[in-house]
Amino acid sequence: MTSYDLILRGGRCVLPWGEEEVDVGVRAGRIAALGDLRTAEAAEVLDCAGLHILPGLIDPHVHLRDPGDPAVETIETGTKAAILGGITAVFDMPNTSPAITGQQALEDKRAYVKGRAWCDIGFYVGAARSNIGALAALEANPDVCAIKVFAGSSTGDLMVEDDASLERVMRSGRRRIAYHSEDEYRLQGRKPLYAAGGPHRLHAEWRDVECAFLGTRRLMALARETGRPAHILHVSTAEELGYLKDFRDVATVEVLVNHLSQTDEAYDRLGGYAVMNPPIRDARHQEAAWAAVRDGTVDCIGSDHAPHSRAAKERPWPATAAGLTGVQTLVPLMLDHVNAGRLSLGRLVDLMAAGPARVYGAVGKGRLAAGYDADFTIVDMKRARTIEESWIASPCGWTPFAGQRVTGWPVMTVVRGHVAMRDDTALGAPEGRPVSFHS
């Protein structure tokens, strides 16, 4: 009799070639078989009848703030939030304190996550003027998902906003670079136009469409000139999404669940808890984002999970801290969009598993297929829940989606064959590892 470490029985699997009701056999942390395994035995069997089995979903854009402020977030709490929300891997941004810009900082972080990460984790390395010559070597580390460039909206040494320095970054290395593409010169030039204490909706006026579109146009010109592939993060405007269709040879595209789920009415309802960069915009841009999801312009969806303390979020604008929690609510919100008919479950998997794996070159991730990592997001598409702040694992303790009713909920999270979450409960100990990437 064939034996496995784990068998998932009776679920409806979202496979690369379509949906099928098949069993999944796991051995040594990888998918060993797909098919009828009724006569097989296993050390552990999960009854998935009535549930959908998705390849492990990835949040490719999180800020876990570690090293930084443990009262806001840590590797342990942020990755626990991820598994509670059905995420099996996250890619963590480098703007920590201190920032991840050198080999030693990267090695320290790699060692630090062992025994603390509940899900698998990839690392961004931040580009700075001081480390441009080292970027090619840094991106060759097997657990680095990408070099991250803040061309706008960052602080200190991580800001790389001028064309000459951006071109130097693009000519150092060869892998795809991830960009925050707001134009810093326009941002700073417009800042004096706004007085302290104004309404939070002015955030979208200050960081306007042209601020984002100008940044993206500049980056695309340089990417074409250098031949260096680019990944434009959190694209927020209709203008950018239309423009980027002509740059598929050098560009891939991310949109955020916030820009798909919220419009500028959120400023009146949430105040500082709606402030993020680039900002939440009006319905015209949300409609363009959904059109780009439907026509294939968008390659992946992330949360841009960026927690802050309540005190920082409640400061008067423009001193309000920009950034929203999201890693734990990403999957429920997107499942609700599936149930509302805005996208298919197969397209969700393409955007949240296959897409991030393809864009960043993640090894063994993104597909339900033999030989791939045994990462599964198991969901009940009929379960209706209200998102409550008492469910949020991040120490900051808030979500901009509190009180929202959704249909579709993650009920189990499996990371390399280990059942990490079941029915809102984290199981065992943190067993996450660094994700490997093609370099």
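Everything below is about the structure printed above this text.
What counts, and at which threshold
- Residues numbered from 1 in each chain as written.
- Predicted model: local features only at pLDDT ≥ 70, side-chain atom pairs only at ≥ 80, totals over all residues.
- Heavy atoms only, no water.
- Phe/Tyr/Trp six-rings, centres within 6.5 Å; stacked < 30°, edge-to-face > 60°.
- Buried < 20%, exposed > 50% of the residue type's maximum accessible area, 1.4 Å probe, protein only.
- Lys NZ or Arg CZ within 6 Å of the ring centre and 35° of its normal.
- Salt bridge = Lys/Arg side-chain N within 4 Å of Asp/Glu carboxyl O.
- Helix = DSSP H or I, 4+ residues; strand = E, 2+ residues; numbered from the N terminus.
- Pairing = 2+ DSSP bridges.
- Axes fitted to C-alpha atoms, helices over the stretch in contact; angles between N-to-C directions.
- Left-handed = near helix turned anticlockwise from the far one by under 90°.
- Contact = heavy atoms within 4.5 Å.
- Nonpolar A, V, L, I, M, F, W, Y, C, P; charged D, E, K, R; others polar.
- Expected span 1.5 Å × (residues − 1).
- Polar contact = N/O pair within 3.5 Å; in protein donor to acceptor, adjacent residues only side chain to side chain.
- Arc of directions from axis to C-beta.

S.K.: What exactly am I supposed to notice about the packing of aromatic side chains here?
M.R.: How two aromatic rings sit relative to each other is given by the distance of their centres and the angle of their planes. This model, assessed by the stated rule, comprises nine aromatic pairs. Consider the rings of Tyr243 and Phe247, whose centres lie 4.8 Å apart with planes at 35°: the pair is tilted. Classification of Tyr243 by relative accessible area gives partly exposed; the value is 24%. Residue class for Phe247 comes out buried when judged on its relative accessible area of 9%. Each residue in the set Phe91, Tyr124, Tyr360 and Phe437 is aromatic and connected to the rest through ring pairs, giving one cluster. The ring centre of Phe150 lies 3.8 Å from the NZ or CZ of Lys148, which sits over that ring. Positioned above the aromatic ring of Phe213 is the side chain of Arg217, whose terminal nitrogen or guanidinium carbon lies 4.4 Å from the ring centre.

S.K.: I would appreciate a short explanation of the pattern of salt bridges in the present structure.
M.R.: Where charged atoms of side chains with opposite charge meet at close range, the side chains can pair. Applying the stated criterion across every chain yields a total of 32 salt bridges. In this structure, the salt-bridge partner of Glu182 is Arg207, at a minimum N-O distance of 3.1 Å. Here Arg207 lies in the loop between helix H6 (202-206) and helix H7 (209-226) and Glu182 lies in the loop between strand E12 (177-180) and helix H5 (184-190), a separation of 25 residues in the sequence. The two residues Glu182 and Arg207 agree in class, both being buried. Between Arg347 and Asp350 there is a salt bridge whose closest N-O contact spans 2.6 Å. With Arg347 and Asp350 both in helix H14 (residues 345-360) and three residues apart, the pair spans about one turn of that helix.

S.K.: Sorry if this is basic, but what is going on with the sheet that holds E12 here?
M.R.: Each strand in a sheet pairs with its neighbour through backbone hydrogen bonds, running either in the same direction (parallel) or in the opposite one (antiparallel). Reading across from one edge, E8-E9-E10-E11-E12-E13-E14-E15 is the order of the eight strands in this open sheet, with parallel pairing throughout. Looking at which strands have only one partner, the edges of the open sheet turn out to be strand E8 (57-62) and strand E15 (300-302). Pairs of neighbouring strands in the sheet enclose a mean axial angle of 30°, with direction left out of account. Note: E8 against strand E9 (residues 87-92), four bridges, orientation parallel. By the bridge assignment, Val62 is partnered in E9 with Asp92.

S.K.: Can you help me understand unusual backbone geometry in this one?
M.R.: With glycine set apart, most residues show a phi of negative sign, and most peptide bonds adopt trans. Each neighbour pair has its own omega, and for Asp66 with Pro67 the value is 10°, a cis peptide bond. Relative to the assigned elements, Pro67 resides in the loop between E8 and helix H1 (75-84). A cis geometry characterises the amide bond from Trp317 onward to Pro318, with omega recorded as 5°. Position of Pro318 among the secondary structure elements: in the loop between helix H12 (310-313) and helix H13 (330-339). Residue Asp304 is not a glycine yet carries a positive backbone phi of 50°. Secondary-structure assignment places Asp304 in the loop between E15 and H12. The exposure class assigned to Asp304 is buried, which follows from its relative accessible area of 8%. Even without being a glycine, Asp424 presents a positive backbone phi close to 70°. When you line up the elements, Asp424 lands in the loop between strand E18 (418-422) and strand E19 (425-426).

S.K.: I keep staring at the pairing of strand E2 (residues 12-15) and nothing clicks. Help me out?
M.R.: Inspection of the sheet shows E2 paired to strand E3 (residues 18-21) by four bridges, in the antiparallel sense. Its bridge partner lying in E3, Cys13 is registered against Glu20. The antiparallel hairpin formed by E2 and E3 contains two residues in its connecting segment. With two bridges joining them, E2 and strand E7 (residues 52-55) adopt parallel strand pairing. When the bridges of E7 are listed, Cys13 appears paired with Ile53.

S.K.: What is the right way to read the packing of H13 against H14 from this model?
M.R.: A packed helix pair is summarised by two numbers, namely the angle formed by the two axes and the spacing between the axes. The contact between H13 and H14 brings their axes to 9 Å, and the two run at 145°. Crossing angle aside, the handedness with which H13 passes H14 is right-handed. In this structure, H13 contributes Leu330, Val331, Met334, Leu335 and Val338 to the contact, and H14 contributes Leu345, Leu348 and Met352. Across the contact of H13 with H14, the residue classes break down as eight nonpolar, no polar and no charged.

S.K.: Got a minute to help me understand the sheet that holds E2 in this structure?
M.R.: Strands sit in the order E3-E2-E7-E16-E17-E18-E19 across an open sheet of seven strands; the sheet is mixed. A single partner strand is all that each edge strand has here, and the edge strands are E3 and E19. In this structure, E18 lies alongside E19, joined through two bridges in antiparallel fashion. When the bridges of E19 are listed, Arg422 appears paired with Thr425. Its contacts with the sheet put H14 on E2, E3, E7 and strand E16 (376-386), and the angle it makes with E7 is roughly 30°.

S.K.: Explain helix H11 (residues 283-295) here, please?
M.R.: Quick reminder: α-helices carry 3.6 residues per turn. Residues three or four places apart thus point the same way. Its 13 residues place the ends of H11 18 Å apart at the C-alpha level, agreeing with the 18 Å of an ideal helix rising 1.5 Å per residue. Residues His285, Gln286, Ala288, Ala289, Trp290, Ala292 and Val293 constitute the buried set of H11. Those residues of H11 hidden inside the fold are in contact with H7, helix H8 (238-244), strand E14 (251-256), helix H9 (257-261), H13 and H14. Among the residues of H11, the N-terminal cap falls to Asp282, whose side-chain oxygen and the backbone nitrogen of Arg284 are separated by 3.1 Å. Looking at the residues trailing H11, positive phi occurs at Gly296, about 90°.

S.K.: Hey, could you run me through helix H4 (residues 163-170) in this one?
M.R.: Of the positions making up H4, those classed as buried are Ser165, Leu166, Val169 and Met170. In a view along the axis of H4, the buried residues occupy a sector of 140°, so they form one face of it. The inward-facing, buried residues of H4 abut helix H3 (135-138), strand E11 (144-150), E12 and H7.

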